[in-house]
Every structure is written in structure tokens, then in C-alpha cells.
Amino acid sequence: MPVLNKHYRRYGFESDLEKALNRVDFFRIFHTMALRYGFEHFGVLQLANEHETSMLSSRLVLHDLPAGLAETYDKRHRINDSAIFKSFYKSTISTVWLGTDAPENGAAGVDFLDQIGFDMALAIPVHSIAGTRYVVLFLGDGEDIGRTEHLEIAYEANCAFDYFYRQVLANKAGMGLTPRETEILRWISYGKTASEIALIVSVSEHTVNSHTATILKKLDVVNRTQMVAKAIREQIIQ
Amino acid sequence: MTAKVHILLVDDDPAENVILSALMRKVASYAITLDYVETVEGALDFIRSSGVPLDMILMDNRLQPQADFRETVPELRRVGYIGPIGVISSSINDAYFQKIDDYGVDFRIDKAELDPTAIEFILQEYVKRDVSAGE
């Protein structure tokens with residue numbers, strides 16, 4: 001993604017980001033970042049309107065929490081009621097949360113850390129180039145984080161999120177199709193199913209489906225029929 | 001209920017099978033069956049003969065006599081495998097790793113980064129089978 005010039009890129013960890021292609025790559029980047037700073041887990045949360053009811057599980061756009069943890073949390077608690085969640089709407093400063101000082105941060109009994117089962121959290125509010133808000137959350141059982149480490153991880157999380165947004169989350173509507181996407185579009189127009197296209201093009205069915213989803217987005221259409229009709233109208237295929 | 005998944009590991013070093021088997025046992029939310037073959041030939045035979053559907057193939061980047069995934073993965077695709085394929089390597093920094101999609105690879109992961117959490121994430125991402133929440 002040769003979008004950024006060297007003024008944006010500092011301190012030598014950007015080479016990994018430049019090369020990241022898909023969600024697995026960003027998972028690796030955030031996951032190792034969490035471990036490097038003594039946390040166990042990370043989660044990237046998308047923020048909506050404060051008063052809209054949010055489920056932790058549906059707000060997490062990428063995370064490495066144990067399977068089912070967010071869903072279990074949602075069954076028992078409301079993330080909207082937690083002091084940490086409310087803090088995202090009061091300030092955009094990166095904050096450290098420790099299990100023991102939760103009561104002084106919010107109403108009694110509303111303790112996100114105790115509810116989710118960790119001793120420490122670091123919440124780094126970030127935003128996309130489109131202005132939408134997200135939080136990179138790190139969770140672990142550490143005691144505290146030093147000033148230098150805090151500043152470093154906040155900067156790194158901001159950079160990683162920026163690449164993650166541009167490479168994965170951004171709705172790339174209106175942009176041109178890649179050769180591979182055009183190829184898949186053509187097979188769809190011949191009436192082939194995803195598994196048939198996977199065989200023809202020599203990729204996995206998963207890849208075909210993710211290309212199809214991208215084509216839908218780029219052409220701003222809602223289904224495969226409209227996709228093919230629009231592609232013909234726009235003369236992308238004959 | 002833990003979801004059952006079936007993975008094939010292709011690696012010329014049997015030690016990797018031992019290590020990966022141990023890692024797979026630590027993944028709580030999936031019951032993983034790991035099959036192991038040493039060569040691409042072995043993998044091709046496995047795909048052709050085995051009646052069990054394979055949920056995923058993990059393969060070492062460098063397998064003799066082929067050079068790297070650019071030669072090995074297309075062979076697996078040619079025999080009709082359309083499940084996800086991940087390439088494991090001890091370094092994924094070479095420029096050709098940017099072109100995984102052109103060769104039918106779904107994802108790449110560094111050996112050092114492969115831990116139970118990463119395996120769980122990959123299964124969630126590529127093997128569409130619902131793990132019921134925390135039960």
C-alpha cells in the first residue's frame with residue numbers, strides 16, 4: 001500500500017504493516033503487539049452512537065478473545081453501562097484501567113474488568129480517515145504499564161489501526177476492480193457457483209466469497225444478479 | 001459442544017507435526033483432528049483417496065522437491081481442493097509472500113506466531129462452523 005510517504009512512517013515497525021494483506025495479517029500484528037507489551041488479548045471495537053444499545057460481540061471487528069467470551073459477556077452484562085464504555089464518549093485520551101480502581105471510575109457494580117475477567121485494560125481511542133471512531137483495547141492480568149510503554153503501544157496501535165482500516169475495513173466503493181475480481185465477476189456472469197469458480201480459478205471457496213463481497217461493495221449493488229447487470233451496463237464485462 | 005474440524009499438515013519435518021499437535025490440543029473451542037503427510041505427493045494422495053472432508057490444509061512453505069508455495073499450492077488446487085490453505089514459514093518477509101492470492105493461498109503465518117489463540121482465530125475466520133457461546 002504505497003500511499004504514505006516517509007513522513008508518516010517512523011520507528012521501524014511499519015514494514016510489517018506495509019505488507020499486511022488480510023485479516024489474518026492484522027490479527028498477527030495486533031496479537032503480537034498485545035503480547036509484546038505484557039497483555040494477553042486485544043480487541044478492535046467500533047463505536048456507534050453512545051445511546052444506541054451495543055453488544056460487545058457485535059462491536060468487535062477484530063479480536064483474539066477466547067471463543068464465546070464476548071457472547072457470554074453480552075448475555076450477562078450491558079457494555080453500555082460500563083464505566084470504560086462511557087469514558088469513550090467523554091474523552092479520546094488513551095486510558096489505563098485497573099481492576100482495583102474501577103469503583104472510583106464509575107458507578108458501583110459496573111466494572112467491566114471484573115465482568116470480563118481481567119485485571120488490566122488499556123483503551124486507545126482511534127479514528128479512521130473517514131472520521132468513524134474505534135477503540136483498540138488491550139486486556140491482560142498485568143499490574144500496570146509504564147509511561148514509555150504506554151506511549152509506544154498507543155502510537156503503534158494507532159498506526160496498525162490506520163493500515164487495518166485502509167486495507168480491510170474501508171468501503172472501497174467506486175474503486176476499480178482488480179484483475180482477479182474481474183475474472184470472478186465474469187465467471188459469475190456465466191452462472192458458475194462459488195465452489196465451481198474456486199475450482200476453475202484455483203483458489204479456495206472462501207477467497208471467491210470474499211472477492212464477491214468486495215465486488216458487491218465496489219459496484220454498490222446488493223446481489224449477484226444486480227452485480228452482473230451493472231457490470232454489463234458499465235462495460236466491465238461483455 | 002465443540003466443533004469438530006479436520007486439518008491436514010504438510011511438512012517435511014516430523015517434529016513440526018509433534019509441535020503442532022500439541023498446540024492443537026490446547027485449542028479449547030474446537031476438537032481438531034490433525035492428519036500429517038510429509039510431501040505434496042502425500043497430500044495429493046490424501047485428498048484423492050480420503051473420504052473425510054478436509055476443513056483446512058496447513059503447509060510448510062518449502063517442501064522438497066518443489067521450491068515454495070508458488071509451486072506446491074497450485075498442485076493442491078489442481079486436484080480440486082477448494083478449502084482454505086495456509087502457508088507456514090519461519091519468515092514471511094520475502095516479496096513473493098505479497099502474492100499469496102495469485103497462487104491460491106488464503107493466509108500466511110510465521111512459525112513463531114502460531115499459538116493456540118492464532119489457530120482459534122484462523123478456524124473462526126475460515127472454517128464456518130458455529131461455536132456456541134461459552135457452553
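Residues numbered from 1 in each chain as written. Chains lettered and ligands numbered in written order. Predicted model: local features only at pLDDT ≥ 70, side-chain atom pairs only at ≥ 80, totals over all residues.

### Observations concerning the overall build of chain A
Moving on, step 1. For chain A, the count of helices and strands is twelve helices and five strands.
Moving on, step 2. Expressed as a percentage of its 238 residues, the buried residues of chain A come to 35%.
Moving on, step 3. Taking contacts inside chain A between residues at least 6 apart in sequence as the whole, the part at least 24 apart equals 55%. (Helix = DSSP H or I, 4+ residues; strand = E, 2+ residues; numbered from the N terminus. Buried ≥ 20, exposed ≤ 12 C-beta atoms within 10 Å, placed from the backbone. Contact = placed C-beta atoms within 7 Å.)

### Thoughts on the pairing of strand 1 (residues 41–46) of chain A
All names here are of chain A.
Moving on, step 1. With respect to burial, strand 1 is a largely interior element, five of its six residues being buried.
Moving on, step 2. Pairing between strand 1 and strand 5 (residues 133–140): six bridges, direction antiparallel. Pairing of V44 across the sheet is with V136, part of strand 5.
Moving on, step 3. Direction of pairing for strand 1 relative to strand 2 (residues 60–63): antiparallel, over a ladder of three bridges. Directly across from L45, in strand 2, lies its bridge partner L60. (Pairing = 2+ DSSP bridges.)

### What to know about the interface of chain B and chain A
Moving on, step 1. Between chain B and chain A, the contact holds 27 residues from the first and 25 residues from the second.
Moving on, step 2. Within the residue set of the side of chain B that touches chain A, elements represented by two or more residues are helix 3 (69–78), strand 5 (107–110) and helix 4 (116–126) of chain B.
Moving on, step 3. With eight residues, the top contributor of residues to the side of chain B that touches chain A is helix 4 of chain B.
Moving on, step 4. Tallied by class, residues from the side of chain B that touches chain A come to twelve nonpolar, eight polar and seven charged. (Nonpolar A, V, L, I, M, F, W, Y, C, P; charged D, E, K, R; others polar.)

### Some points on the nonpolar core
Moving on, step 1. Ranked by size, the top nonpolar core spans 97 residues in total, and within it A121, V136 and A160 of chain A together with I57 of chain B carry the most contacts.
Moving on, step 2. When residues in this core are grouped by element, the largest group, eight residues, is from helix 8 (residues 147–169) of chain A.
Moving on, step 3. When residues of this core are sorted by domain, at least three fall in each of domain 1 (14–169) and domain 2 (179–233) of chain A.
Moving on, step 4. In contact with A121 of chain A, other than residues within four places in its own chain, are I84, W97, L113, L137, F138 and L139 of chain A. (Core = buried A, V, L, I, M, F, W, Y, C linked by C-beta atoms within 7 Å. Domains from an automatic or database assignment.)

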